[in-house]
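Report on the structure
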Amino acid sequence: GENPGPDAELSFWNSKAQNLNMVRRQLVDTKISKVTKVLEKARSSYFPAFSRLVDEVRVAQDQANDAARHLATLEGVLLQLKGDPFANLVFIFKPLLHLILLAWKHSVCYSTPHRMVVLLREICNDVIARAQAFLEEKEMFALEAQDAADFLKDALRVCITFKSVFFAYQRQAATQCPSKPWGFENSVLFARLDAFLERIHDVLDLMQTIMQFSKLARLEIGGTKGKSLSSNLSGIYADFKQAIEPFKSATYNIVSVEKTQFEDDFFEFRITVQDLERRLASVIIQGFDDSTTIMARFKLLDSFENLLERDVISAELEKKHSDLLETYAVDLRMVQDLFIRGQANPPVNENCPPRAGAVIWVRGLIQRLDEPMAKFISMGKAVTESEEGKEAIRAYKAIVASMEDFEDKTYAEWSEELEHTSKDKLNEKLLRREEADPTKAGEGMLRVNFDPALVCLLREVKYFKLLNDCKSENQTLIKIPDSAMEIYAKAETFRQQTGNLELIVNIYNNTLATLVDVERPLLQGKLDSIDKVLIKGLKTFNWKNTIGQFLTDTMAMVKDANSVLQTCKTNVRETQMLLKVFSTNIMMERKPSKSYTIEEYQEQARTNLEAKYKAIQTGGLVMQKHLESSLKVLKVNKAAPAWRSYVDYVNQVTIDGLVQAILASMTFLRDQINPVYLNQNDVNPLLEISLRLAPPEVV
């Protein structure tokens, strides 16, 4: 073929050695020897030519056998070069070049530059063939551009590795064979491989350009001009897709160096892309000018990512560096003003503790400056070493230093407060009692005595820990004092304890607040028992003690007392509701649109009253059960004065309810005989009376 591999070299020398060995055997045969002697004795003119021919055959035979013998050592490695997976070829190059170096040192035939260059160029041909086959089977344009670029990089890596290994063994040859180093011309040796590498770089550039421009398909620009600029991007992307169409529909292999049509197509493509870059740069600059804040401008630039690295776009954007720095200078002054106005009374977010909130606020200001500064630094010395850049960096460092000093001062003040208050607050008792109301019987209300300073401390530590967990690389780690961490380690315990105590206190206070005078004597025993237990929380236990048993005992007692009280109150409420039903279901009934005769109404009233009386009797039994239920939970003697007072209280509730029921029925009756009410509500008279006049009784 046009580009033979090393197997052709092996085949050539094996065939040549075989043929010359056959010729040599014929020349040294007895018959030929006799002919030679005859020619020599006869002093024939053919003898000198024939003798030279025999000598030339012998030399050629030795050369061919030498070449075949040394090339045979390469046969196994060359089979691997053709058959192993493409990615594994990098592991074959060292043993291959090592065997070639040995052949150079020991072979007569392959100790000459000409023969060695031929062999190495044939190996390059095989490497190129494997790379072309590897890429061709991937169908570049059927893949995502990123995947295609990765495969192209794999091909480059294998080819470049071969060259690197060759140069390493070239240095070894100079050391091991100083009299005959590998002084081959690289331009001759790697002419085709370098051309192939250049083609791969071109195709890789094509794929990377496709990757970069493909971002335009889903990119939209905001701002007042966003709609028109986004439309321009769509047009640029459509033109780009048209530009890559020749490669997608190409009938030739784009990675083949022999196909020169690619060079023409790629040249046209690059010209088109340069024009598209100029159009794209114009869109970016318009969007840049339309953005009102520095972060909006950086966000715009970030959205184009690697496209900004393209030469034409990069050159256009360099003109906007001064605008960016001017905008950043305005931001620096604004942040400095916010800091100066807010440092005396920092605006703390809702639910944040004061000290940690102040640190969060100042770190937010620093972050507002850090993000643009990091962007400027990433843009290189062209920005940072300009006059505007140096001034911006100087102002940035000064402002950030003052804000960091504020953060350190805030933390130091908190640490000092912590040392003076934290331990003392833990020695306070669990509960405290308020002053009793002199107009009411019993003790004052209870309050949980967990100092607000401790609550604030726990919240401060929590938020400082969160700041440490989410700090950036530029921010310092906040060293929380050990004393604060010791208290914070019990935060969950404190939360459970205060939660249980709040529940106990709420139940206890609700019990005291809702007790009526007749109920207090019935529950006084339970209340006294609770107060005896609560003395421990008021006088003995503090927040350093183990209070699990105290919480359990107290919770059980207050729940029991509250349950008894609520049962009694529920029974009274249900009694009141039943009596309210009596007021709703009055003793009289009638249809508003009908007038009754005396006989009709008497019959209806009799039936209605019987039902009402029965409902009242049933209700009385229910109310009696409610009273018995209260007696059962209170566990008192029926003859006890406190119980008798409570029964009188329930009886009064019952009497009040019956009075309201009677009044409702009487009010209804009054309305039925009131002509004004009847006329206003369009109700017929209750009774229909017929008066018959007949002589002689008529007067």
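Presented here is a report on the structure given in the accompanying data block.

As a further point, take the overall build of the chain. For the chain, the helix and strand inventory stands at 26 helices and 2 strands. Scaling as 2.2 N^0.38, a compact globule of 699 residues should have a C-alpha radius of gyration of about 27 Å, whereas the chain reaches 53 Å, well beyond that. If you line up the chain on its principal axes, its C-alpha atoms span 195 × 90 × 65 Å. Intrachain contacts of the chain at a sequence separation of at least 6 include 75% that bridge at least 24 residues. Total accessible area on the chain stands at roughly 40,100 Å², and carbon and sulfur atoms take up 53% of it. Side chains of the chain give 88 positive and 95 negative charges; the mean places of these two sets differ by 5 Å.

Next up on the list: a positive patch on the surface. Taken together, the side chains of Lys 31, Lys 34, Lys 37 and Lys 41 make up a positively charged region of the molecular surface. Mapped onto the elements of the fold, Lys 41 is located in helix α2 (residues 30–41).

With that settled, the discussion passes to the packing of aromatic side chains. Under the definition given, this model contains 31 aromatic pairs. Centroid distance Phe 247 to Phe 269: 5.6 Å. Interplanar angle 85 degrees. Geometry classified as edge-to-face. Of this pair, Phe 247 sits in helix α11 (residues 245–248) while Phe 269 sits in helix α12 (residues 261–290); the two residues are 22 residues apart in sequence, bridging distant segments of the chain. With respect to class, Phe 247 is no different from Phe 269; both count as buried. Here Tyr 328 and Phe 376 contribute two aromatic rings whose centre-to-centre distance is 5.3 Å and whose plane-to-plane angle is 65 degrees, an arrangement assigned as edge-to-face. In this pair, Tyr 328 is assigned in helix α15 (residues 321–342) and Phe 376 in helix α16 (residues 354–378), connecting sequence segments 48 residues apart. Of the two residues examined, Tyr 328 and Phe 376, each falls in the buried class. Joined through ring pairs, the aromatic side chains of Phe 93, Trp 104, Phe 162, Phe 166, Phe 167, Trp 182, Phe 184 and Phe 190 make up one cluster. Taking the ring centre of Trp 104 as reference, the NZ or CZ of Lys 180 above it sits at 5.7 Å. Sitting over the face of the ring of Phe 288, Arg 297 holds its NZ or CZ atom 4.4 Å from the ring centroid.

Closest axis-to-axis distance for the helix α5 (residues 93–106)/helix α6 (residues 113–136) pair is 11 Å, and the angle between their directions is 165 degrees. With respect to each other, α5 and α6 are oriented roughly antiparallel. Where α5 crosses over α6, the two elements pack in a sense that is right-handed. Judged by residue contacts, Phe 93, Leu 96, Leu 97, Ile 100 and Trp 104 of α5 engage Pro 113, Met 116, Leu 119, Leu 120, Ile 123 and Val 127 from α6. Of the residues contributing to the contact of α5 with α6, the split by class is 11 nonpolar, no polar and no charged.

Side chains of residues three or four places apart in an α-helix project in the same direction, reflecting 3.6 residues per turn. Under the 1.5 Å per step criterion, the end-to-end length of helix α21 (residues 491–514) is 34 Å for 24 residues, consistent within 8% with the ideal 34 Å. Taken together, the buried positions of α21 are occupied by Phe 494, Gln 497, Thr 498, Leu 501, Ile 504, Val 505, Ile 507, Tyr 508, Asn 509, Thr 511 and Leu 512.

With that out of the way, let us pick up the environment of Thr 292. Mapped onto the fold, Thr 292 is located in the loop between α12 and α13 (294–304). On a C-alpha basis, the gap between Thr 292 and Thr 327 in space is 8.9 Å, while along the polypeptide they are 35 residues apart.

Negative phi characterises most residues that are not glycine, and trans characterises most peptide bonds. Residues other than glycine seldom take positive phi values, yet Asn 351 does so here, at roughly 75 degrees. Despite not being glycine, Lys 635 shows a phi value in the positive range, around 55 degrees. With respect to the helices and strands, the residue Lys 635 is situated in the loop between α24 (598–634) and α25 (641–672). We classify Lys 635 as exposed; its relative accessible area is 73%.

With that settled, consider the side chain of Asp 370. Checked against the element boundaries, Asp 370 lands in helix α16. Of the side chains bearing the opposite charge, Arg 363 lies closest to the buried Asp 370, which forms no salt bridge; the N-O distance is 9.1 Å. A polar side-chain atom of Asp 370 sits 2.3 Å from a polar atom in the side chain of Tyr 396.

Quick notes on the rules
- All chains use their own residue numbering, which begins from 1 and follows the written sequence.
- Side-chain atom pairs in this predicted model are given and counted only at pLDDT of 80 or more, local residue features only at pLDDT of at least 70, and totals for whole chains, interfaces and linings cover all residues.
- Processing note: side-chain calculations cover all non-hydrogen atoms of the structure and skip hydrogens and water entirely.
- Helix and strand assignments follow DSSP, with helices taken as H or I runs no shorter than four residues and strands as E runs no shorter than two, numbered in order from the N terminus.
- Based on C-alpha atoms, the radius of gyration is set beside the globule rule, defined as 2.2 Å times the residue count to the power 0.38.
- Whether two residues are in contact is decided by their heavy atoms, any of which lying within 4.5 Å being enough.
- Note that accessible areas follow from Shrake-Rupley with a 1.4 Å probe, and for residues the cover is restricted to the protein chains shown.
- Charged residues are defined here as Lys and Arg on the positive side and Asp and Glu on the negative side; His and the ends of the chain fall outside this count.
- To locate a charge, the coordinates of NZ of Lys, CZ of Arg, CG of Asp or CD of Glu are taken.
- Patch rule: a residue counts if its relative accessible area is over 30% and it has no salt bridge; like charges are joined within 9 Å, and nonpolar side chains (Val, Leu, Ile, Met, Phe, Trp, Tyr) within 5 Å.
- Each salt bridge in this description consists of a side-chain nitrogen of Lys or Arg and a carboxyl oxygen of Asp or Glu lying within 4 Å of one another.
- Only the six-membered ring of Trp is used, alongside the rings of Phe and Tyr, when aromatic pairs are assigned; centres must lie within 6.5 Å, and planes under 30 degrees apart are stacked while those over 60 apart are edge-to-face, with the rest tilted.
- To sort residues, take the accessible area from a 1.4 Å probe on protein chains only and compare it with the maximum for the residue type: under 20% means buried, over 50% means exposed, and anything in between is partly exposed.
- By definition here, charges over rings are those cases where NZ of Lys or CZ of Arg is within 6 Å of the ring centre and within 35 degrees of the ring normal.
- Every angle, taken between N-to-C directions, lies between 0 and 180 degrees, and every axis is a line fitted to C-alpha atoms, over only the stretch in contact when it is a helix.
- Each angle is binned into one of four classes, with values under 35 degrees roughly parallel, values over 145 roughly antiparallel, values of 65 to 115 roughly perpendicular, and all other values oblique.
- Crossing handedness follows the turn of the near helix against the far one: under a right angle anticlockwise gives a left-handed crossing, and clockwise gives a right-handed one.
- Polar here means any residue other than Ala, Val, Leu, Ile, Met, Phe, Trp, Tyr, Cys and Pro, which are nonpolar, and Asp, Glu, Lys and Arg, which are charged; Gly is therefore polar.
- An expected span of 1.5 Å times one less than the residue number is assigned to each helix.
- Polar contacts here mean pairs of N or O atoms no more than 3.5 Å apart (in protein, one a potential hydrogen donor and the other a potential acceptor; neighbouring residues in sequence count only if both atoms are side-chain atoms).

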